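Summary of structural features
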Amino acid sequence: MTAIDLDGAVAVVTGGAGGIGEQLAARLGGEGARVAVVDLHEGPAQQVASRIPGAIGLACDVGDASSVASMVASVEAQLGPIDVYCSNAGVATGPGLGDDASWEAAWRVHAMAHVYAARAVLPGMAERGRGAMVVTASAAGLLMMMQSAPYTVTKHASVAIAEWLAVNYGDSGISLHCLCPQGVRTPMVTGGDGASQAELNASGQIIEPSVVADEVLAALRDGRFLVLPHPQVHDYEQAKVADRDRWLAGMRRLLSRVGGSRGSGT
Ligand SMILES: NC(=O)c1ccc[n+]([C@@H]2O[C@H](COP(=O)([O-])OP(=O)(O)OC[C@H]3O[C@@H](n4cnc5c(N)ncnc54)[C@H](O)[C@@H]3O)[C@@H](O)[C@H]2O)c1
């Protein structure tokens, strides 16, 4: 995998109207990229874009294949072929085992959105022999978000898709990156319920989205797949694969400390 030159590159950031996406868009713009800020609604996307020189703001539902295809066509018509695609939009789901609507929303945005994006942009990148795709998963995709089964399972799907793409496209001049943070101070976390906040507080430090964006930019420069803004996630994952029964017992102890979620499922 080769590092991509961001100066003059065309970059898309989904979920760009706030939180991690907004910071990613700003950092990419700061490196000289021409950025398309994409979110569910045009107004907030355009507001963020208006603060980044040369950026545009577009509406798109990333969980809908035709919406992604027409957004990509519109970006390419306005800015040119896409070099960097940050598939970053996400939804807070839960609680507990989750109802069907939570599973449906989480599956569309945390799994299919990455597939629709890959279909729309990776063949062109492969043809040009140049490109990068960042999949925002979560530490929950390597470990667990105890308060939400739909979030945990669909973020595991995000990691698996990113790995699959890295194997299938990594020799075509495209670098694949998978972002797996724990708590980040964004509307998703500050607007969450008390139990989710207690879990995040217990698992580690809640960091600023600008720090996460810096880590993504460093990984783009290095051509590094896994982006862990909380370095301890590496150790937690090692402990999980080394002894799953021990890890599960530890997670049960943590769950009882922060307040159980099982009863809140449907
Ligand atoms: N904040 C955290 O602690 C944390 C931790 C790990 C992973 N993440 C992941 O980081 C990513 C960014 O989240 P954030 O924390 O910045 O939260 P956020 O709520 O600030 O941003 C998420 C953005 O995604 C957009 N979005 C949701 N569904 C969409 C759809 N169908 N189409 C287009 N846009 C859509 C929202 O409008 C919002 O602007 C998400 O994938 C999230 O799961 C966040």
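Going by the structure above, here's the rest.
Nothing here was measured: the structure is a model prediction, and the numbers come from that model.

What counts and what doesn't
Residues numbered from 1 in each chain as written. Predicted model: local features only at pLDDT ≥ 70, side-chain atom pairs only at ≥ 80, totals over all residues. Core = buried A, V, L, I, M, F, W, Y, C linked by C-beta atoms within 7 Å. Buried ≥ 20, exposed ≤ 12 C-beta atoms within 10 Å, placed from the backbone. Helix = DSSP H or I, 4+ residues; strand = E, 2+ residues; numbered from the N terminus. Contact = placed C-beta atoms within 7 Å. Axes fitted to C-alpha atoms, helices over the stretch in contact; angles between N-to-C directions. Parallel < 35°, antiparallel > 145°, perpendicular 65-115°, else oblique. Left-handed = near helix turned anticlockwise from the far one by under 90°. Pairing = 2+ DSSP bridges. Right-handed = clockwise from strand over helix to strand, strands pointing away.

To continue, consider the nonpolar core. Grouped together as the largest cluster of nonpolar side chains are 80 residues, with contacts concentrated most on Ala11, Val13, Ala25, Val35, Val37 and Met133. With ten residues, the top contributor of residues to this core is helix α4 (residues 100-128). Not counting residues up to four positions away in its chain, the partners in contact with alanine 11 are Leu28, Ala33, Val35, Asp83, Val84 and Cys86.

Quick look at the packing of α4 against helix α5 (residues 149-169) now. Where α4 contacts α5, the axes come no closer than 8 Å and their chain directions differ by 15 degrees. When the axes of α4 and α5 are compared, the pair comes out roughly parallel. For the pair α4 and α5, the crossing hand works out as right-handed. Side by side, α4 and α5 meet where Ser102, Trp103, Ala106, Trp107, His110, Ala111, His114, Val115, Ala118, Leu122 and Ala126 of the first sit next to Pro150, Tyr151, Thr154, Lys155, Ala157, Ser158, Ile161, Leu165 and Tyr169 of the second.

With that settled, the discussion passes to the sheet that holds strand β5 (residues 131-136). Taken together, the seven strands give an open sheet; going across it, the order is β3-β2-β1-β4-β5-β6-β7, and neighbouring strands pair in parallel fashion. Since the sheet does not close on itself, it has two edges, and those belong to β3 (56-59) and β7 (226-227), each with one partner. Contacts from helix α1 (residues 19-30) reach β1 (10-14), β2 (34-39), β4 (84-87) and β5 within the one sheet, and its direction differs from that of β1 by about 170 degrees. On top of the sheet, helix α8 (residues 209-222) reaches β5, β6 (174-179) and β7; it is set at about 150 degrees to β6, its chief contact.

Attention now goes to the pairing of β4. The alternating pattern of β4 places Val84 and Cys86 and Tyr85 and Ser87 on opposite faces, both of which are buried. The pairing of β4 with β5 spans four bridges and is classified as parallel. If you follow cysteine 86 over to β5, its bridge partner there is valine 134. Remark: the β4/α4/β5 crossover connection has right-handed handedness.

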